[in-house]
Each structure stands twice: as structure tokens, then as C-alpha cells.
Amino acid sequence: MARNFFTMMKSTAPSATEPSTAERTVAPPPPSMKQDAAAGVGVHLDPTLEAVRHDFTEEVEMALELRDVSAFYGSFQAIDRITLPVPRNRVTALIGPSGCGKSTLLRCFNRMNDLIPGARITGRIDFGGRNLVDPNVDAVEVRRRIGMVFQKPNPFPKSIYENVAFGARINGYSGDMDRLVEDSLRRAALWDEVKDELDKSGLALSGGQQQRLCIGRAIAVQPEIILMDEPASALDPVATLKIEDLMRELAEDYTIVVVTHNMQQAGRVSDYTAFLLAGEERVGRLVEFGPTQDIFTNPLDQRTEDYITGRYG
Ligand SMILES: Nc1ncnc2c1ncn2[C@@H]1O[C@H](COP(=O)(O)OP(=O)(O)OP(=O)(O)O)[C@@H](O)[C@H]1O
Ligand SMILES: [Mg+2]
């Protein structure tokens, strides 16, 4: 079923007179759009155009399926009708210039936007057969199952041990806590560095260690999906590579969605890439989605190519 996601989308397309996705993907963008994109300013995004979607090249299930997800802050629309699959046990990168709505979209995935006064989401996000945008769905439960790691490491001002144990305890974990802390820190590739000083404050760790502690903390509540918003942008290159290695390892057991500004990083860590762009009206839209290798070696939309080759953004 999962494999047929795009086929399904095509079959439910509103108008039979519209060109098929395949036809659209081969049509070159109009010359004016090419010039605009290359200039990096005044890009006009036609809201009626669907994003370019590359075919899946593997059998993969979906952890999440977004359909027409829009997000608003008061009367300002930040993202417009984003339809996107998030493959299970894979790393999906969200890329695009600053302000195109990557963080907004990521926060939709676990109802984090609920915490921002005036923020509102429309559309559907299918997660295990339920629409997690539905207000009747318990946002706290959604956030336990879909964890988040932020750009700036934010350990609690508590011991390393408590940082990991805290969320699990609040969630009613009644198993062997020492074991859970050790397992979580091992999975976060931090255990060997901290096993003899678990009572030390989490804030006394280096930035890279703090970020891995936050990943350990996210893992401890046994989520299915981990969202990461530029998790390595505040870190040095060595710490960054550790986080990247960790993401690859974690993808064996979890679904990861990562926002990154770093194209090399997106290329190294992700299996799938979604490119977002906001036009002059500042409304973010999905431009292209597909296997990372395809997006990077054969982008079908000029604007994607311009972005990944560093021409704007
Ligand atoms: N809390 C908020 N209230 C009002 N507007 C917001 C809020 N957060 C974001 N926005 C607006 O929504 C749009 C998308 O912002 P968002 O932070 O999602 O972009 P981004 O792609 O993550 O950017 P960056 O790469 O700089 O982190 C921007 O125009 C931004 O100004
Ligand atoms: Mg952001």
C-alpha cells in the first residue's frame, strides 16, 4: 500500500484535465521562473502547481502521510497545502531557504505548534490510522510517540541520569530505570563518555554531548519518530559527524525527520529529501520530494537545482 502512495494521489487528483505527475515532472519550468529562481529573489510559486514527486525505488511503509497540511500564525499563512509521505525507518531531510517553513512543518508533525498562541493547522496527518491534527487526538500522547530534538541543545538543569529518566518517569515507566538510562545513552552514543559521572549536571557537558543527551532523553520515552530541527548547526565538525552517524544508526529503529541547512549533511544522512520554498508572499510550499540521491543528482525542478547548487537561499 505504502508503495502506491503517489499512485493513490494521482488517482484522487481533482481534475482529469490536469497533466499527470509524470508529465509535469518532465516539463521544464517557464523561462521567467528559471530567471527568478537563479536570481534568488522574487520567486513566484504558483499555488496551483503540484510539487514534483520522484518515484520510490524501494518498498517502504509510511510512518506519516501528510495531506494538504497548511499552518497559520494568526492571519499569516506560513505553509500551504503540503502533501508529503514520511517513510518509516528512514531519514527524511527537510531543506529550503530560511523562512520557508521547515520548522513550522516539523512542529506540525507532533502538534508542537499547539503550544504557540494563535497557531493553527489544517489538513491531515495520518499516523497509525489516525489523523493527528484532529483536536480529539491527545497531543501529549502524540509528542511521546513523536519526539523532538531542537537546534540548541536544551538539557534540563538536572543530572545526566535525571535528564534521561525524567520523561520516562512522567510517562509512568515502571521498569528498571538504571537499565533504561543506560540503554538510552548507549543508543545516543554517549554512554561511554558519561557512564562514570551520571550525577554530573547535563549542563556541564560539551555542546555535542548535550545534544546527544537530548537525543537520549528523546529515545528514553520510546518514540516511533524523532524530529530534529537543525540538530548539529550549533556544533563543531567532529560533533556534527557524530550526530550524523547517530542519525544513520537510529534510522534502523526509528523514523527520523531532520531539518538541515547543510546540503552535504542532507546528502550524507538522509534517504529522502523534501525541498520547500516560500515565494514573494512568504508562504512555504513543497517544491520537490523524492529519494535523496535522485533529488541531488537529478532535480527535476529548476528551483531545486538552484538551491542545492547554492545559487540562492
Ligand atoms: N511563532 C511564530 N509567530 C509568527 N510567525 C512565525 C512564527 N514562527 C515562524 N513564523 C513565520 O513563519 C514562517 C516560517 O518560519 P519557520 O521558522 O518555519 O521557517 P524555517 O524554514 O524553519 O526558517 P529557518 O531556516 O530560518 O529556521 C516565517 O515567515 C516566520 O517568520
Ligand atoms: Mg527553522
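Structure: above.
Residues numbered from 1 in each chain as written. Chains lettered and ligands numbered in written order. Predicted model: local features only at pLDDT ≥ 70, side-chain atom pairs only at ≥ 80, totals over all residues.

Caption draft 1: Structural context of the overall build of the chain. Summing up its helical and strand segments, the chain has 13 helices and 11 strands in all. Counting the 313 residues in the chain, one finds 43% classified as buried. Contacts in the chain between residues at least 24 apart in sequence constitute 71% of all its contacts with a sequence separation of at least 6. (Helix = DSSP H or I, 4+ residues; strand = E, 2+ residues; numbered from the N terminus. Buried ≥ 20, exposed ≤ 12 C-beta atoms within 10 Å, placed from the backbone. Contact = placed C-beta atoms within 7 Å.)

Caption draft 2: Structural view of the pairing of strand E4 (residues 91–95). Among the five residues that make up E4, five are buried, leaving the element largely enclosed by the rest of the structure. Of the two faces of E4, the one lined by Val 91, Ala 93 and Ile 95 and the one lined by Thr 92 and Leu 94 are each fully buried. In the sheet, E4 pairs with strand E9 (residues 255–259) via four bridges, with the strands oriented parallel. Within the sheet, the bridge partner assigned to Thr 92 lies in E9 and is Val 257. Examined bridge by bridge, E4 and strand E10 (residues 272–278) share four bridges and lie parallel to one another. Considered in E10, the bridge of Ala 93 is made with Thr 273. (Pairing = 2+ DSSP bridges.)

Caption draft 3: Up close: the site of ligand 1. In the vicinity of ligand 1 there are 13 residues, among which Tyr 73, Ser 98, Lys 102, Ser 103 and Thr 104 approach most closely. Considering each element in turn, the shell around ligand 1 owes the most residues, three residues, to helix H4 (residues 102–109). A class-by-class count of the residues in the shell around ligand 1 yields five nonpolar, six polar and two charged. (Near = placed C-beta within 6 Å. Nonpolar A, V, L, I, M, F, W, Y, C, P; charged D, E, K, R; others polar.)

Caption draft 4: Structural context of the packing of helix H9 (residues 207–220) against helix H10 (residues 237–250). As a packed pair, H9 and H10 sit with axes 9 Å apart at the nearest point and diverge in direction by 20 degrees. By the angle between their axes, H9 is roughly parallel relative to H10. Considering only the axes of H9 and H10, their crossing is right-handed. Between H9 and H10, the residues in contact are Gly 207, Gly 208, Gln 211, Arg 212 and Ile 215 and Ala 239, Lys 242, Ile 243 and Leu 246, respectively. Taken together, the residues of the contact of H9 with H10 break down into four nonpolar, three polar and two charged. (Axes fitted to C-alpha atoms, helices over the stretch in contact; angles between N-to-C directions. Parallel < 35°, antiparallel > 145°, perpendicular 65-115°, else oblique. Left-handed = near helix turned anticlockwise from the far one by under 90°.)

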